[in-house]
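Structural features, examined
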Amino acid sequence: MKLGKASLNSLPQEVLVPRYDRSALTPGIVHIGLGNFHRAHQAWYLHRLMQQGEAHDWAIIGAGVRAGDSVMRDKLLAQDCLTTLIELDPDGSAAEVTGAMIDFLPVEPDNATLIATMADPAIRIVSLTVTEGGYYHSAAKGGFDADHPDIRHDASHPGTPRTAFGAIVAALAQRRAAGTGPFTVQSCDNLQGNGDILRQTVVSLARLTDPDLADWIDGQASFPNSMVDCIVPATGANEIALSASLGIDDAAPVTHEAYRQWVIEDNFCAGRPDWDKVGATFSGDVHAYETMKIRILNGGHQVVAAAGDLLSIPTVSGCMEHDAIAGLLAKVERSEILPYVAPVPEFTPDAYLDMILKRFANPRIVDTTRRVAFDGSSRQPGFIVPSIKAALAAEGPVEGLALVSALWARYCQGTREDGTEIAPNDPQWDSLTERAEAAREIPGLWLEQPQIYGALAENARFRSAFAAQLQAIHRDGTEAAIRAYLAS
């Protein structure tokens, strides 16, 4: 059955469908970067709230700022912006069609329609999932990267910006001029202090052209921090076939695990849906949740991803079946990551790790090592480097984290242990490959990337540990280096 509003009542009985009148929904949220994670996470929470008869004036309008976003737009508009979510658990499956999204804006080089839509007073939240590396944030430059060509373009052409942040600034300028007040700008990406980083990007960009507007945004708009969690693989032929096996012809279905968590700072300048009624948590200590999730789960993904792909293991669950990689994950987590993570009300670090190990091992979630390893130049400094710094500060062991960094360096050479090629898997792939080749002879050169490692290249203990691990990988191979660490 082709998915669409006309077919909702004809779908298989076991598939949950919207019980609310979608024609009566009105928009309250614009979401930029409408990929699988958003549809399985934030949009699902809103859909579940709508199922309870609430938040019908908070429907989502999708948006994108990259030319490639038009592909998703075409797919979703053709099925009335409905999405099939398929929950994959070792004990069974469940399917649900969600309908909280009601439109998807045209993707335009000047973002004119996006700006006009965000300037509408009905829009009270603008949310984003633009990946960890999409915030024009550089640790080496102290935060906001004002020298990036995209930022220079938006500063020179504030009325026709090319970035999501330029469009947000332009829309807020219109709202300020009209006296309609700001909207909340909400990051839903895996960044420590994601709201703070988003504020810095938006305010700093505005300050390049209009300091008064920048002050108004900084003082009147809100940028809540949040922690998001749900493992959501990419969609391919297998996922489309799975949807078809359930009787649904969906061009863009989403598979996900049977777990979600969303912890949000309650800081919304123009109101918000009551997401807590459907399982989200509003907390004044988002940072503790962020630290636990980013270091243990996201950091754990980085522990296994490069090692797995180097050994031609295609999935995360496959890595958990490999005794050496599973052992690497458990040892690095328990000896070099967990000691520096504080508990949260729901979990101790040990209990959280036990849950993560089970989630990673779920064979029904076909999450690829390549996807998890993508954009290591953003994920390593976001998910691994903080644990290295914490361990060094506490004078704890760092050999395992040094091995994880060395495995990524070896990965960036672009070949697996069996000699097959690793296709480019990072926005900085060419420069990383060049640096990785040079590090074969002089390992310390790999750490001399301040945008990734900060000042770690100057730390003699970590530099020595990293050099020893990279040399072991080149001398003995990936698996032997891992087993040597496990035996140490």
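Here the structure is a predicted model, which is why all the values come from computation and not from measurement.

Parameters and conventions
- Position labels on residues start from 1 in each chain and follow its written sequence.
- For a predicted model such as this one, the threshold for reporting local features is a pLDDT of at least 70, and the threshold for listing and counting side-chain atom pairs is 80 or more; totals across whole chains, interfaces and linings nevertheless cover every residue.
- For the side-chain quantities, the full set of heavy atoms in the structure was used; hydrogens and water were omitted.
- Exposure classes here rest on a 1.4 Å probe applied to the protein chains alone. A residue is buried below 20% of its type maximum, exposed above 50%, and partly exposed in between.
- A run of H or I in DSSP becomes a helix once it reaches four residues, and a run of E becomes a strand once it reaches two; helices and strands are each numbered from the N terminus.
- Only strands joined by at least two bridges in the DSSP assignment are considered to pair.
- Taken from the helix axis, the directions to the C-beta atoms give the arc we talk about.
- Should any heavy atoms of two residues lie within 4.5 Å, those residues are counted as being in contact.
- The axes used here are C-alpha line fits, helices contributing only the stretch in contact, and every angle between their N-to-C directions lies in the interval 0 to 180 degrees.
- Put simply, buried Ala, Val, Leu, Ile, Met, Phe, Trp, Tyr and Cys residues joined by side-chain atoms within 4.5 Å make one nonpolar core.
- Stacked, edge-to-face and tilted are the three classes for Phe, Tyr and Trp ring pairs, Trp counted by its six-membered ring, which pair at centre distances within 6.5 Å; planes under 30 degrees apart are stacked, over 60 edge-to-face, the rest tilted.
- Two limits define a charge over a ring: the Lys NZ or Arg CZ must be within 6 Å of the ring centre, and within 35 degrees of the ring normal.

Overview of the pairing of strand β2 (residues 59-63)
A large share of β2 lies buried, amounting to 5 of its 5 residues. Where burial is concerned, the two faces of β2 agree: the one with A59, I61 and A63 and the one with I60 and G62 are both buried. Strand direction decides the pairing type here: strand β1 (residues 27-32) and β2, joined by 5 bridges, are parallel. Its bridge partner lying in β2, H31 is registered against G62.

A short note on helix α5 (residues 149-156)
Three or more residues of α5 are buried, namely D150, I151, H153 and D154. One side of α5 holds all its buried residues, which, seen down the axis, span an arc of 160 degrees. Buried residues in α5 make contact with β8 (143-144), α6 (164-178) and α7 (194-207).

As for the sheet that holds strand β3 (residues 83-89)
Taken in spatial order, the 3 strands line up as β4-β3-β11 in an open sheet, and their pairing is mixed. Each edge of the open sheet is held by one strand with a lone partner, namely β4 (92-98) and β11 (254-256). Strand-to-strand twist of the sheet, defined as the mean angle between neighbouring strand axes without regard to direction, takes the value 25 degrees. Across the face of the sheet, helix α2 (residues 42-51) comes into contact with β3 and β4 while running at roughly 75 degrees to β4.

Some details on the nonpolar core
The biggest cluster of nonpolar side chains holds 78 residues, and the ones touching the most others in it are I296, W446, F462 and F466. Of the residues forming this core, the biggest block, 12 residues, is contributed by helix α10 (residues 286-310). The residues contacting W446, other than those within four sequence positions of it, are S405, W408, A409, C412, L432, R435, A436, A439, Y453 and F466. Formed by 39 residues, the second largest nonpolar core is a distinct cluster that contains I115, F165, V202 and A206.

Focus: the packing of aromatic side chains
Under the counting rule described, the total for this entry stands at 10 aromatic pairs. A ring pair is formed by W44 and Y45, whose centres lie 5.0 Å apart and whose planes are at 80 degrees; its orientation type is edge-to-face. Each member of the pair W44 and Y45 is classed as buried. Grouped by ring-pair contacts, the aromatic residues W44, Y45, W262, F268, W275 and F282 constitute a single cluster. Over the ring of W58 we find R124, and its NZ or CZ is 4.0 Å from the ring centre. Seen from the ring of W44, R260 lies directly overhead, with NZ or CZ sitting 3.8 Å from the centre.

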